[in-house]
Amino acid sequence: MMNNTGRRGERVFIRTFGCQMNMYDSQFISSALQEIGFIEVDDAQEADIIIVNGCSIRKHAEDRAINWIHRYSRLDNKRIAVIGCLAQNLHDQLREKVEGIDIICGPDNYNELVDIISGSSREMNLPGRKTDVTYSLTDSYRPDRFSGFVSITRGCENFCSYCVVPYLRGKLRSKDPSAVISEILHLEEKGCREITLLGQNVLAYKHGDTGFTELLEMILRESPVERIRFLTSHPRDVRTGLFRIMRDNTRVCPHIHLPLQAGSDRILKLMKRGYSSGEYLRLLEKARDILPGLAVTTDIIVGFPSETEDDFSMTMEAVRSSRFDSAFTFIYSPREGTAAWRFPDEVPLEIKKQRLQRLNQLVMEIRLDILREQIGKRIKILLDGTAQRGENLYFKGRTPHFRNVLLDCGEVKEGDIVEVTLEKLEKFTFIGKCRR
Ligand code: SAH
Ligand code: SF4
Ligand code: F3S
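Keep in mind the model is a prediction, meaning the values are calculated, not measured.

Asker: Got a sec to walk through the sheet that holds strand S17 (residues 378–389)? Specific residues and values, please.
Answerer: With respect to topology, 5 strands assemble into a closed barrel ordered S17-S18-S19-S21-S20, the strand pairing being mixed. Neighbour-to-neighbour, the strand axes of the sheet open up by a mean angle of 45°, direction not taken into account. Sheet analysis places S17 next to strand S18 (residues 392–398), joined by 6 bridges and oriented antiparallel. Bridge pairing in S18 places threonine 386 opposite phenylalanine 395.

As structure tokens, this is what we get:
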């Protein structure tokens, strides 16, 4: 028996950087610590232990997290744990960069991390990787929103040439479907009306005979959850049957996040993405034939090694044709250990910045176009928080297409799903009215 009573009541603060995988992992750790008596606080000053869950996807992401670790390390009497992809990537270098780190722990060792923090184990360095581990939120998990995450896969084996994730998060593993279902039911019982299935590449989900679409159908059958989303989808793994399921089951939101990365076939090949831009565009065409109005969002990298002005204009062209609702756009950041780390012809930073700016401008114009077309429509939104604008307090929420809405109506409360008219736009956010 572990004796954790000595730690009961200790306060833990968790700061998370990076993608939803890290956010989910932080929720898991928080729930596992609460299970054994820890209290989560939202002010680092009040904490006995500070956990920084960091990201390494780009240099900038690393630097940001490291800056915060520096700040936290100056506070008195705190234990500091650095975890996540950042810990896996930099490991011992972290101790050289910042003094006073007590625990370093990568993404596959969070069960041990919980033991260490609760005092039943003294080991402080956990770089190792167990390729079979998956985590599920414990019963102590209390969602603070009406929307919850459920991780269905961990790891990635795609080895896109620029990307550090496969080196940090290991092999692809898929969670047992029954564990996925019980986690969804648990979240629902705690008030979630929307769940997002998470993985670096959710469409690669495979557990025995159950692939992603089978899992989705199972969730539709076995849980009453009202809205289902999933993130991220790799274009190479999309089967058009997915869009039929989305069309036939409105509980699955008509939105897909489908990273394009680049529009030039030469660059896509160097990136090892496994599709051409023509294939990508044809896929979108088929998807929208089956499910008209499907919202598509994407990720794009500019300034990949050897990217010429011609290559970049193909990205712009592909963006024009794809009509993305929105795009996360990034300047290529060389990551040591990846295949592209050694690629020659680095694009000068000035040019990378200019390309990013031109791309963002185009993405914004298309986005506005798409949003304007929606004005006047009535649509159901889930109220998932409030927002202050000037004097007024609004409810905020998202449409099934993942578009932002602020709402100004009387008799509603957070967690309600309400039908609103999209009256007008303020920048990229709709202002909705409940009455017709
Ligand atoms: N698994 C997802 C993406 C995970 S990382 C997928 O394959 O689509 C999120 C995004 O970060 C990527 O889509 C990519 O656009 C960007 N990214 C990854 N590595 C990068 C790097 N070295 N430099 C710049 N952007 C990068
Ligand atoms: Fe990285 Fe590619 Fe895996 Fe996405 S699919 S996490 S970009 S290697
Ligand atoms: Fe960052 Fe790791 Fe996610 S590197 S983007 S937190 S998988």
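Asker: Outline the nonpolar core, supporting the account with residue identities and numerical values.
Answerer: Generally speaking, nonpolar side chains in soluble globular proteins are found buried as a group. Of all hydrophobic cores here, the largest spans 95 residues; its most connected members are Ile51, Leu197 and Phe212. Residues Val41, Ala47, Ile66 and Ile104 belong to the second largest nonpolar core, which totals 22 residues.

Asker: Tell me about the site of ligand 1, residues and numbers included.
Answerer: Taken together, 15 residues form the shell around ligand 1, and within it Gln200, Pro259, Gln261, Asp299 and Ser333 come nearest. Side-chain polar atom of arginine 58 to an oxygen atom of ligand 1: 3.1 Å apart, as the coordinates give it. Aspartate 299 is positioned such that a nitrogen or oxygen atom in its side chain is 2.6 Å from an oxygen atom of ligand 1. Isolated, ligand 1 exposes 540 Å² of accessible area, and the fraction of that covered by the protein chains is 90%. Going through the elements one at a time, strand S15 (295–302) and strand S16 (326–331) are the ones with two or more residues in the shell around ligand 1. Residues of the shell around ligand 1, tallied by class, amount to 7 nonpolar, 4 polar and 4 charged. Here the shell around ligand 1 spans two domains, since at least three of its residues come from each of domain 2 (143–253) and domain 3 (257–373).

Thresholds applied
- Residues numbered from 1 in each chain as written.
- Chains lettered and ligands numbered in written order.
- Predicted model: local features only at pLDDT ≥ 70, side-chain atom pairs only at ≥ 80, totals over all residues.
- Heavy atoms only, no water.
- Pairing = 2+ DSSP bridges.
- Helix = DSSP H or I, 4+ residues; strand = E, 2+ residues; numbered from the N terminus.
- Axes fitted to C-alpha atoms, helices over the stretch in contact; angles between N-to-C directions.
- Core = buried A, V, L, I, M, F, W, Y, C linked by side-chain atoms within 4.5 Å.
- Buried < 20%, exposed > 50% of the residue type's maximum accessible area, 1.4 Å probe, protein only.
- Near = heavy atom within 4 Å.
- Polar contact = N/O pair within 3.5 Å; in protein donor to acceptor, adjacent residues only side chain to side chain.
- Areas by Shrake-Rupley, 256 points an atom, 1.4 Å probe, with all protein chains shown as cover.
- Nonpolar A, V, L, I, M, F, W, Y, C, P; charged D, E, K, R; others polar.
- Domains from an automatic or database assignment.

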